[in-house]
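Residue strings, one per chain:
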Amino acid sequence: MTAKENTNGEATPTPPVTIGSLTNLKVKIPGANLNLAGVLQSTNHPSRRLAIICHGVLGHKNYLFQPSIANTLAPHMDTFRFDFRGNGDSEGHMGYSNWDDDKADLDAVIAHFERQGYHIYALIGHSRGAISCLNYAATSHHVPMIPYIVSISSRFDMSDVKRKHGPELLELLEKQVRRGHFDWQARTAGKDITLRVTQQHFDDFLNFDTAAVAHIPSMTNVLLVHGSNDDVVPVKDIATLQSHLSHTRTAMRIITNADHNYRKHYNDLSQIIGDYFSAEGRKADWTRRILPNWKTWVHAVGGVLNFRTVGDIWIPSKTDGTVSYLRPGVIYRCADISKPTPEGIKVLEALHITDVFDLRSNSETERRGTFEGENLKRHHTPVFAEVDYSPAQIALRFKMYLGGTEGFSQAYMSMMPNIRNFFPQILEHIVKKKTPFIVHCTAGKDRTGVTCALLQMICGVDEEQIAWEYELTRRCMAIKEEDVEFLKASIGGESSDAQVRGVLSTNEEYMLRFLEEFHAKYGTIEDFLVNELEMTLDDIQAVRDVLLVKIPVPRAAM
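Rules used in this analysis
- Residues numbered from 1 in each chain as written.
- Predicted model: local features only at pLDDT ≥ 70, side-chain atom pairs only at ≥ 80, totals over all residues.
- Heavy atoms only, no water.
- Core = buried A, V, L, I, M, F, W, Y, C linked by side-chain atoms within 4.5 Å.
- Buried < 20%, exposed > 50% of the residue type's maximum accessible area, 1.4 Å probe, protein only.
- Helix = DSSP H or I, 4+ residues; strand = E, 2+ residues; numbered from the N terminus.
- Contact = heavy atoms within 4.5 Å.
- pLDDT = per-residue confidence, 0-100.
- Salt bridge = Lys/Arg side-chain N within 4 Å of Asp/Glu carboxyl O.
- Pairing = 2+ DSSP bridges.
- Axes fitted to C-alpha atoms, helices over the stretch in contact; angles between N-to-C directions.

Named according to an unreviewed UniProt entry, the chain is Tyrosine specific protein phosphatases domain-containing protein originating from Linnemannia gamsii.

As structure tokens, this is what we get:
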């Protein structure tokens, strides 16, 4: 991206080729008889996710890097960048410390797009706009919760503005008994402006409660970005912000040599934000959070591979101000549990696991054996009838897996007609017995993965997280050489060792494709359970009531 100098001596990038369409819009502020001007950049993203981009003081919707950020986010979501009142093309009067106006402007924009069917997915702000975004997340109690906040060069220590304005300003304010104000001369959006600032305005700015970020709901994902050479807002402010946001899912990025307006670093800034919102970025952040717990679980039960609990997941409600928590320590999943060590048995007992649902066929249990302890009841709930596990059917199913993403999806969909063979028993246990249980097959990935995916769908877990949880199996290396040899023999020697090992692994794409096919054929999980298992909505809710804890979160209650 090339650049030229504008009238303020700031680097103005040559606009990139726009991704999607640009639409100029006016948004009315209820009760204020004012219209806000903005630009909707849309690719008609099927998720209907929207990011709202907020400029800083004296900025506007096309200021600095905002078009670049919008373009970078276009593959992931639509964006709306707008002028706060009195800025750019918006009506009204610009203010020095009109924080309530900023909040009302955001309210108006959010309400406008929610009426259009958008899900407000992110608030992204620079400098003062970042302060307003963080404040909105902390104080608006918006339902549903806005899941992402990106704060670019946000100020925390408001008193530092004295340094920014310098001694001349302070001297003017000291003389306000005679003058009552000072006039801030500036240029914005190609226009010279005068902003009148009184002592009250200045005090209101200094006293703004940036520590209110501690009230941002802890489910919120917050990205803090700062330039190492920022001489407007000291870089120490990002560290202070992070300490006040320790209860949230906070990530921090510092761009080396970047100043407050990221001159010559628009691409760096846009790329960081784009990566953060990419599927890979979201997955990496999720993985960093859960891996410590996963590593604790995976080798916890001696003699049992791929062991873990499905839980410790927060699920924000889309309809009210609550969050549901999928309890850990109720659903466990693993590979074949036929040969736990004595130490492993003690761990199962310590976890108070009472029941095991074995999804394997008769031929598998005969080959590998079974386990049932004094306090551990085994339920044989094979996904496939014995006729479906004949050598010919095994070869056919394994060849599906060799077909990659589509093959795995096809194989997983082939389990759905057999849902009555295994799923009702698990649901009945959840509702009636309410005790911790294990679901397993041979490797603990396909039949077990699909069963656990269905349970998470009932609970409303985000489907990306379902796919990521499914893929954890790949990390535990739950592959036994006897399984490799058995699979080679079943397929008939047509595949390489690497292909066979690939069949015994997992990839998030396999689960995501299955979920897509599932919804295309069956509709929602509620539709599926009602139509295929003749459950009522009350029956489904009874399952949720056991697995979930519902928590009101007016602020950071979690």
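Participant: Teacher, can you tell me more about the nonpolar core here?
Facilitator: If you look at soluble globular proteins, the nonpolar side chains tend to sit buried side by side. Residues M416, F423 and F518 are the most contacted members of the largest nonpolar core, which totals 56 residues. Element by element, the count of residues in this core is highest for helix α16 (residues 447-459), at 8 residues. Filtering out sequence-adjacent residues up to four positions away, M416 remains in contact with V450, L454, F514, F518, Y522 and F528. Within the second largest apolar cluster, 35 residues are counted, among which are I110, F113, I146 and I216.

Participant: Where do I start with the confidence of the model for the chain in this structure?
Facilitator: Segments scoring low in pLDDT should not have their predicted coordinates read at a detailed level. Residue-level pLDDT values for the chain average 86, and 84% of them are 70 or greater. Below pLDDT 50 for its whole length, residues 554-558 participates in 17 contacts with residues either more than four positions away or in separate chains.

Participant: What's the story with the pattern of salt bridges in this structure? I'm lost.
Facilitator: Oppositely charged side chains can pair when the atoms bearing their charge come close. Inspection of every chain in the model, using the stated rule, returns 29 salt bridges. For R85, the salt bridge is made with D101, and the minimal N-O distance between the two is 3.4 Å. Of this pair, R85 sits in the loop between β6 (78-82) and α2 (99-115) while D101 sits in helix α2; the two residues are 16 residues apart in sequence, bridging distant segments of the chain. When its relative accessible area of 11% is taken as the criterion, R85 is described as buried. The class for D101 is partly exposed, based on a relative accessible area of 25%. R128 is paired through a salt bridge with D102; the nearest N and O atoms lie 3.0 Å apart. Residue R128 is found in helix α3 (residues 128-139), and its partner D102 is found in helix α2; the two are separated by 26 residues along the sequence. D102 shares its class with R128; the two are buried. Here the salt bridges do not stand alone but share partners, grouping D336, D358, R360, R368 and R378 into one network.

Participant: Could you clarify how one ought to interpret the sheet that holds strand β13 (residues 308-310) in this entry?
Facilitator: Two modes of strand pairing occur in sheets, parallel and antiparallel, and in both the strands are linked by backbone hydrogen bonds. Strands sit in the order β13-β16-β19-β17-β18 across an open sheet of 5 strands; the sheet is mixed. Pairing within the sheet leaves two strands with one partner each, and these edge strands are β13 and β18 (377-380). Averaged over neighbouring strand pairs, the angle between their axes works out to 30° when direction is ignored. The pairing of strand β16 (residues 331-334) with strand β19 (residues 437-440) spans 4 bridges and is parallel. Among the inter-strand pairings, I331 is bridged to a residue of β19, identified as F437. Sitting on the sheet, helix α15 (residues 419-433) touches β17 (355-358) and β19, and the angle it makes with β17 is about 165°.

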